[in-house]
Amino acid sequence: MKVLIFDFGTTFGGVQQVMVNLFGELQKENPQIAIHCIDGYDEPRTRQLLQERKIQVVSLPIEGPSQLNWDRRNKFAVLFEYGSIYLRYLWQLCRHIRNEGYDVIYAQSKKGLVIAAGAAWLCGIPYIYHAHGFRSERDIRGIFRQAIRNAAAVIGISQDVNAKLLAAGAIPERLHLIYNGVARMAAPPKSYYQSQEQLDLRWAIGASIQEAKGIHVAVAAAASLKQRGIKNILEIYGEPPSLEGEKYLEQLKQQIKDLHLEEVVRFMGWTADIPKAFRCQDVVVLPSYSEGLPMILLEAMSQGLPLIASAVGGVPEIIKDGENGLLVPPGDGEKLADALEILTQNELLRWKMGKAGQKIVEEKFTLVQQAGQLKALLTDTIGLGKA
């Protein structure tokens, strides 16, 4: 079996983390499978992590801009300006596929899927699309929708994602549910990592710095906790993925200054080891406005941490409200602060929720389970392609 991962991510985010972990586990357990990855934008962090997992990274970068906002630009102007670039790239990709003799292509982004679909059709091999999340079925339209319908198999990471795919016209027989998974790991005693700071609550967010993640809501919640006399520290792990993200970061810094939270909110940047960073936290929060199935919540659960997150997308498939965490409405800083106060005041409840979360991860969200399901799907897809 020879698999080509076709990644078109311009930055390293949750989608790339899923890919790195998943195929790293697949390669480790099945060294006979040849796995190559083409990173269309030569993202250095993605390349490094894949190579550490013994996955061959092929250099085939595309020319032109890394980000095209199709919703805000005239589509015909975009096609006129950049169409020749993508056609030339498609020809180079097909030549590489034929030379290497791949059995199947795996894609996980909109642009990557459309190009992979064209290459697969020209080369006569199947392709799989791994869908990580949509705001609504309206995000699935046009040539992107057709590429999904023509895929040999489509993977959704949550029931919510699959429902949106079905509503947009995905073929039910080709649609599969494979939850994200995390590696099994034993969390060291929290006291080992305990800070010298005397706090009521230390809490964290792990997310790319963009408005959709609702980080401003968390900052507002930190201010509310401070007003209630709860001494808290909020640590934010992540980086802006785009120019819009950089602007949003500046807005957050101004919000923090206006609320006098310079000693409360800390930007920690990106880290390759989120589980380790979370071990000194009391609670992990994700106040997003939309989500697929966030890896950050699964990683926190694996460390025995309680969760608070917006009840959006696939999040309710991870968090059982009141069992391993608390669900809150998106965009409501006071409701988030209320939930944080509940957990601040009840250490036993935090411990029980953390233990429940670890059990849920072990039952449904391990990397071994995810890789096993993907291997079976790859085998079936290649078999159908050769039939």
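Structure: above.
Not measured: the values here are computed from a predicted model.

Could you clarify how one ought to interpret the overall build of the protein chain in this entry?
From N to C terminus, the protein chain includes 13 helices and 13 strands. Across the 387 residues that make up the protein chain, the buried fraction comes to 53%. Pairs at least 24 residues apart make up 69% of the contacts formed inside the protein chain by residues separated by at least 6 positions. Approximately 17700 Å² of the protein chain is accessible, and the part contributed by carbon and sulfur atoms is 52%.

Looking at this structure, I do not really get the packing of aromatic side chains. What am I missing?
For any pair of aromatic rings, geometry is given as the distance between the ring centres together with the angle between the planes. Inspection of the entire model under this criterion finds six aromatic pairs. Considering the side-chain rings of Tyr-179 and Phe-365, the 5.0 Å spacing of their centres and the 70 degrees angle between planes classify their relative orientation as edge-to-face. Note that Tyr-179 is positioned in the loop between strand S7 (175–177) and strand S8 (201–206) and Phe-365 in the loop between helix H12 (347–364) and helix H13 (367–386), a separation of 186 residues in sequence. For Tyr-179, a relative accessible area of 13% gives the class buried. You can call Phe-365 buried: its relative accessible area is 0%. Taken together through their ring pairs, the aromatic side chains of Tyr-129, Phe-134 and Phe-144 make up a single cluster. Looking at Lys-2, its charged tip hangs above the ring of Tyr-102, at a distance of 5.5 Å from the centre. The side chain of Arg-45 reaches across the aromatic face of Trp-270, ending 3.8 Å from its centre.

Just checking my understanding: could you explain the sheet that holds strand S12 (residues 307–310) for this structure?
Sheet strands line up and pair through hydrogen bonds in the backbone, either parallel or antiparallel. Pairing within the open sheet is parallel, and its six strands lie in the order S10-S9-S8-S11-S12-S13. Of all strands in the sheet, those with a lone pairing partner are strand S10 (265–269) and strand S13 (325–328), marking the two edges. When strand polarity is set aside, the average angle formed by the axes of neighbouring strands in this sheet is 20 degrees. Alignment of S8 against strand S11 (residues 283–286), held across two bridges, turns out to be parallel.

Just to check I follow, could you spell out the sheet that holds strand S4 (residues 104–107) for this structure?
On the basis of which strands lie adjacent, the open sheet formed by seven strands has the order S3-S2-S1-S4-S5-S6-S7 and parallel pairing. Two strands in the sheet have a free side with no partner beyond their single neighbour: strand S3 (56–58) and S7. Direction aside, the axes of adjacent strands within the sheet are offset by 25 degrees on average. Together, strand S1 (2–7), strand S2 (34–39) and S3 form the strand contacts of helix H2 (residues 44–52), whose direction differs from that of S3 by roughly 145 degrees. Helix H4 (residues 110–123) contacts S1, S4 and strand S5 (127–131) of the sheet and is inclined by roughly 170 degrees relative to S4.

Mind showing me how you'd approach the side chain of Asn-21 here?
Structurally, Asn-21 can be placed in helix H1 (residues 14–29). A relative accessible area of 14% means that Asn-21 is categorised as buried. Of note is the side chain of Asn-21, whose polar atom sits 3.0 Å from the side chain of Gln-17. In contact with Asn-21, other than residues within four places in its own chain, are Arg-53, Met-295 and Leu-367.

I tried to follow the pairing of S5 on my own but got confused; where do I start?
In terms of burial, S5 is a largely internal element, five of the five residues being buried. Pairing analysis gives three bridges linking S4 to S5, with the strands arranged parallel. When the sheet's bridge partners are listed, Tyr-106 is paired in S5 with Ile-128. Note that the unit made of S4, H4 and S5 has a crossover that is right-handed. Of the pairings in the sheet, the one linking S5 to strand S6 (residues 153–156) comprises four bridges and is parallel in character. Among the inter-strand pairings, Ile-128 is bridged to a residue of S6, identified as Ala-153.

Help me understand the packing of helix H10 (residues 295–302) against H12, please; the structure alone is not making it clear to me.
Two measures define how a pair of helices packs: the angle their axes make with one another and the distance between the axes. Remark: H10 packs on H12, axes separated minimally by 7 Å, with the N-to-C direction vectors making an angle of 115 degrees. With respect to H12, the element H10 is oriented roughly perpendicular. For the pair H10 and H12, the sense of crossing is left-handed. Taken together, the residues of H12 that come into contact with H10 (itself represented by Leu-298, Met-301 and Ser-302) are Gly-354, Gly-357, Gln-358, Ile-360 and Val-361.

Help me understand the pairing of S11, please; the structure alone is not making it clear to me.
It is a general feature of regular strands that their side chains alternate between the two faces of the sheet. Every second residue of S11 is oriented toward a common face, with Val-283 and Val-285 on one face and Val-284 and Leu-286 on the other, all of them buried. By the bridge criterion, three bridges tie S11 to S12 in an arrangement that is parallel. When the bridges of S12 are listed, Leu-286 appears paired with Ala-309. Once the chain exits S11 it traverses H10 before rejoining the sheet at S12, and the crossover so formed is right-handed.

Help me out: how do you make sense of the environment of Gly-156 in this one?
Its place among the elements puts Gly-156 in strand S6. Once the C-alpha coordinates of Gly-156 and Ala-131 are considered, the two residues, 25 residues apart in sequence, prove to be 5.1 Å apart. Apart from the residues within four sequence positions on either side, Gly-156 is in contact with Ala-131, Val-161, Asn-162, His-176, Leu-177 and Ile-178.

Criteria and thresholds
- Residues numbered from 1 in each chain as written.
- Predicted model: local features only at pLDDT ≥ 70, side-chain atom pairs only at ≥ 80, totals over all residues.
- Heavy atoms only, no water.
- Helix = DSSP H or I, 4+ residues; strand = E, 2+ residues; numbered from the N terminus.
- Buried < 20%, exposed > 50% of the residue type's maximum accessible area, 1.4 Å probe, protein only.
- Contact = heavy atoms within 4.5 Å.
- Areas by Shrake-Rupley, 256 points an atom, 1.4 Å probe, with all protein chains shown as cover.
- Phe/Tyr/Trp six-rings, centres within 6.5 Å; stacked < 30°, edge-to-face > 60°.
- Lys NZ or Arg CZ within 6 Å of the ring centre and 35° of its normal.
- Pairing = 2+ DSSP bridges.
- Axes fitted to C-alpha atoms, helices over the stretch in contact; angles between N-to-C directions.
- Polar contact = N/O pair within 3.5 Å; in protein donor to acceptor, adjacent residues only side chain to side chain.
- Right-handed = clockwise from strand over helix to strand, strands pointing away.
- Parallel < 35°, antiparallel > 145°, perpendicular 65-115°, else oblique.
- Left-handed = near helix turned anticlockwise from the far one by under 90°.

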